[in-house]
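# Close look at the chain arrangement
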Amino acid sequence: LLVTLDSPQREVSSTHLELSMVGATIVASDTRSTNGSILRIPGAEPRTLIGGESVVVTPGTVIELGDGNLIELLGPDPDPAPESVGARS
């Protein structure tokens, strides 16, 4: 899935960040963006992801791409909606 973002200050590169699943793990990878992305992983100091780096991220992580664009990684839905049950006759 490719997402296009507004970047009036031109802080977000045309291809900036890739999020991928490796098994049950989420990996954030910089796609050699100009300014990188700031990762705010719960329980860790903020860090800048740049230069093609990849890092494992967890639910609750907030990624700042620039120009006010934020991505928040959510965990799985703890209470998914029950499947609908057909009427019985």
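The notes below deal with the structure included here.

How each quantity is defined
Residues numbered from 1 in each chain as written. Predicted model: local features only at pLDDT ≥ 70, side-chain atom pairs only at ≥ 80, totals over all residues. Heavy atoms only, no water. Salt bridge = Lys/Arg side-chain N within 4 Å of Asp/Glu carboxyl O. Helix = DSSP H or I, 4+ residues; strand = E, 2+ residues; numbered from the N terminus. Buried < 20%, exposed > 50% of the residue type's maximum accessible area, 1.4 Å probe, protein only. Core = buried A, V, L, I, M, F, W, Y, C linked by side-chain atoms within 4.5 Å. Contact = heavy atoms within 4.5 Å. Pairing = 2+ DSSP bridges. Axes fitted to C-alpha atoms, helices over the stretch in contact; angles between N-to-C directions.

With that settled, consider the pattern of salt bridges. Under the definition given, this model contains two salt bridges. Taking the shortest distance from any N to any O, the salt bridge between Glu64 and Arg40 comes out at 2.4 Å. Here Glu64, found in strand S6 (residues 62-66), pairs with Arg40, found in strand S3 (residues 37-40); they are 24 residues apart in sequence, far enough to count as distant. Its relative accessible area of 36% is what places Arg40 among the partly exposed residues.

What follows deals with the nonpolar core. With eleven residues, the main nonpolar core is built from Val12, Ile26, Ala28, Leu39, Ile41, Leu49, Val55, Val57, Ile63, Leu65 and Leu73. At the level of secondary structure, the elements contributing two or more residues to this core comprise strand S2 (25-30), strand S5 (54-57) and S6. Here Leu65 is in contact with Leu5, Glu11, Val12, His16, Leu17, Gly36, Ser37 and Ile71, once residues within four sequence places are set aside.

The next thing to look at is the sheet that holds strand S7 (residues 69-72). Across the sheet, which stays open at both edges, the four strands sit in the order S4-S3-S6-S7 with antiparallel pairing between neighbours. Single-partner strands in this sheet number two, and they are strand S4 (47-49) and S7. On average, adjacent strands in this sheet sit at an angle of 25° to one another, irrespective of strand direction. Bridging between S3 and S6 involves three bridges; their strand directions are antiparallel. Across the sheet, the residue bridging to Arg40 is Val62, located in S6.

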